[in-house]
Amino acid sequence: MQDSVWTAATVADLGAALAEAVDGGLFPGGVLTVGRAGGDRVTVGHGLVAPECGDARPGPHTRYDLASLTKVLATWPLVGAAVRTGLLDLDAPLRAALPELPPPGGDLTVRQLLTHTSGLLPKTGLARYEHSGRPLIEHLCAEPLVSPPGSRHRYIDRGFILLGLLLPAVLGRPLHLLAEDLWRELGLTRTAYGPLPRDPQLAPTEQRLRDAPRTWGAPHDPSAALLGGVAGHAGVFSCADDLAAYAEHLLTGASPLADWFAESRRPRAAVEPGLHRGLAWLVTEDGGAAYHHGFTGTSLFLAPATGRYVVLCTNAVYHGWDRARLADLRTLALRTLTG
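Rules of the game
- Residues numbered from 1 in each chain as written.
- Predicted model: local features only at pLDDT ≥ 70, side-chain atom pairs only at ≥ 80, totals over all residues.
- Heavy atoms only, no water.
- Axes fitted to C-alpha atoms, helices over the stretch in contact; angles between N-to-C directions.
- Helix = DSSP H or I, 4+ residues; strand = E, 2+ residues; numbered from the N terminus.
- Parallel < 35°, antiparallel > 145°, perpendicular 65-115°, else oblique.
- Left-handed = near helix turned anticlockwise from the far one by under 90°.
- Contact = heavy atoms within 4.5 Å.
- Pairing = 2+ DSSP bridges.
- Phe/Tyr/Trp six-rings, centres within 6.5 Å; stacked < 30°, edge-to-face > 60°.
- Buried < 20%, exposed > 50% of the residue type's maximum accessible area, 1.4 Å probe, protein only.
- Lys NZ or Arg CZ within 6 Å of the ring centre and 35° of its normal.

1. Overview of the packing of helix 2 (residues 70-84) against helix 5 (residues 158-171)
Relative to each other, helix 2 and helix 5 sit at 45 degrees, their axes nearing to 10 Å. Relative to helix 5, the element helix 2 lies oblique. Read as a crossing pair, helix 2 and helix 5 show a hand that is left-handed. Taken together, the residues of helix 5 that come into contact with helix 2 (itself represented by Lys-71, Thr-75, Leu-78, Val-79 and Ala-82) are Phe-160, Leu-163, Gly-164, Leu-167 and Leu-171.

So, in structure tokens, the structure goes:
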């Protein structure tokens with residue numbers, strides 16, 4: 001199908017599904033961008049940013065809490081840069097970079113953390129280590145494993161929290177500054193770690209306690225919030241326009257990220273029939289798509305063979321989290337991209 005025809009048809013189909021979800025009261029609003037690297041890019045928005053934002057409508061520059069898209073927008077590319085320059089080895093134990101790291105976590109590899117095959121504890125629970133006087137990365141590495149490293153896929157945040165703590169030690173600068181330099185180099189001008197000031201074009205998320213202020217400009221993820229808003233697994237805010245630009249960098253062969261993306265979308269660990277985990281990314285068995293979701297209601301879908309992509313930004317946790325709110329829309333986006 002011709003790209004312009006595909007883009008128009010996809011925007012119509014996914015836009016209708018997004019509008020139906022918004023009109024049904026599942027969440028206040030959202031933004032959808034469909035495009036092809038080097039070709040057309042179309043963005044549509046539906047609903048409101050949120051009732052707190054007055055009559056502000058979501059658009060290409062509306063910022064959303066990306067939640068776990070942080071993993072592929074900040075941590076994953078920074079790991080790739082460290083690997084490319086020889087500062088990290090995917091298959092060396094973490095203690096090769098930081099000798100003080102205790103076992104068993106210090107014996108894990110970056111590859112195992114990226115593929116969610118580390119065997120680390122699935123529960124994040126960082127509050128127990130407050131005011132201990134010991135670096136958090138050492139606490140996390142000292143925890144027992146729940147399965148032998150490399151034996152099974154289990155999606156957890158803990159491995160990327162570890163990577164977010166490791167990168168500053170290896171690269172010599174705080175994580176948020178490393179990420180800012182990367183994003184500015186790529187032209188992503190509205191991508192940043194929080195906390196951010198409240199703004200009508202910044203989507204609030206959940207009201208966790210009755211009569212308490214809604215989470216707005218601070219990360220929805222409690223572990224990222226405990227870490228001051230800057231973490232390897234969550235904490236980044238961005239907009240559909242920046243995510244589309246990022247997708248085009250990954251899908252364009254001339255980009256310095258393209259080789260790392262090509263390596264990262266090779267299947268490494270089975271997730272379910274027809275789906276594998278690469279390095280951070282979920283990849284379909286036929287290689288037709290690589291994608292990642294964020295808990296708050298964000299998604300980034302990429303089709304390497306065609307250069308097509310779909311960006312979805314919503315605050316689907318506005319009324320509390322229910323996976324069913326986005327399940328059909330995400331399934332349709334993946335099917336449209338690979339069909």
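Here the narrative resumes.
2. What about the sheet that holds strand 1 (residues 29-36)?
As summarised here, the arrangement of the eight strands in space is 2-1-11-10-9-8-7-6, forming an open sheet in which the pairing is antiparallel. Because the sheet does not close on itself, it has two edges, and the strands there are strand 2 (41-47) and strand 6 (269-272). Looking at each pair of strands side by side, their axes are set apart by 20 degrees on average, direction ignored. The strands touched by helix 1 (residues 3-23) are strand 1, strand 2 and strand 11 (308-314); relative to strand 1, the strand with the most contacts, the crossing angle is about 170 degrees. Helix 8 (residues 240-251) rests against strand 1, strand 2, strand 10 (298-303) and strand 11 of the sheet, and its axis sits at about 155 degrees to strand 11.

3. Section: the sheet that holds strand 5 (residues 236-238)
As summarised here, the arrangement of the three strands in space is 3-5-4, forming an open sheet in which the pairing is antiparallel. Two strands lie at the open edges of the sheet, namely strand 3 (64-65) and strand 4 (192-193), each paired on one side alone. For strand 3 and strand 5, the ladder comprises two bridges, and the chain directions are antiparallel. Among the inter-strand pairings, Asp-65 is bridged to a residue of strand 5, identified as Phe-237.

4. Examining the packing of aromatic side chains
Summed over all chains, the structure comprises seven aromatic pairs. Centroid distance Phe-295 to Trp-321: 5.0 Å. Interplanar angle 45 degrees. Geometry classified as tilted. Of the two residues, Phe-295 sits in the loop between strand 9 (290-294) and strand 10 while Trp-321 sits in the loop between strand 11 and helix 10 (324-338), which places them 26 residues apart along the sequence. Owing to a relative accessible area of 37%, Phe-295 belongs among the partly exposed residues under this scheme. The ring of Phe-160 has Lys-71 sitting right over it, with the charged end atom 5.9 Å from the ring centre. Seen from the ring of Tyr-318, Arg-214 lies directly overhead, with NZ or CZ sitting 3.6 Å from the centre.

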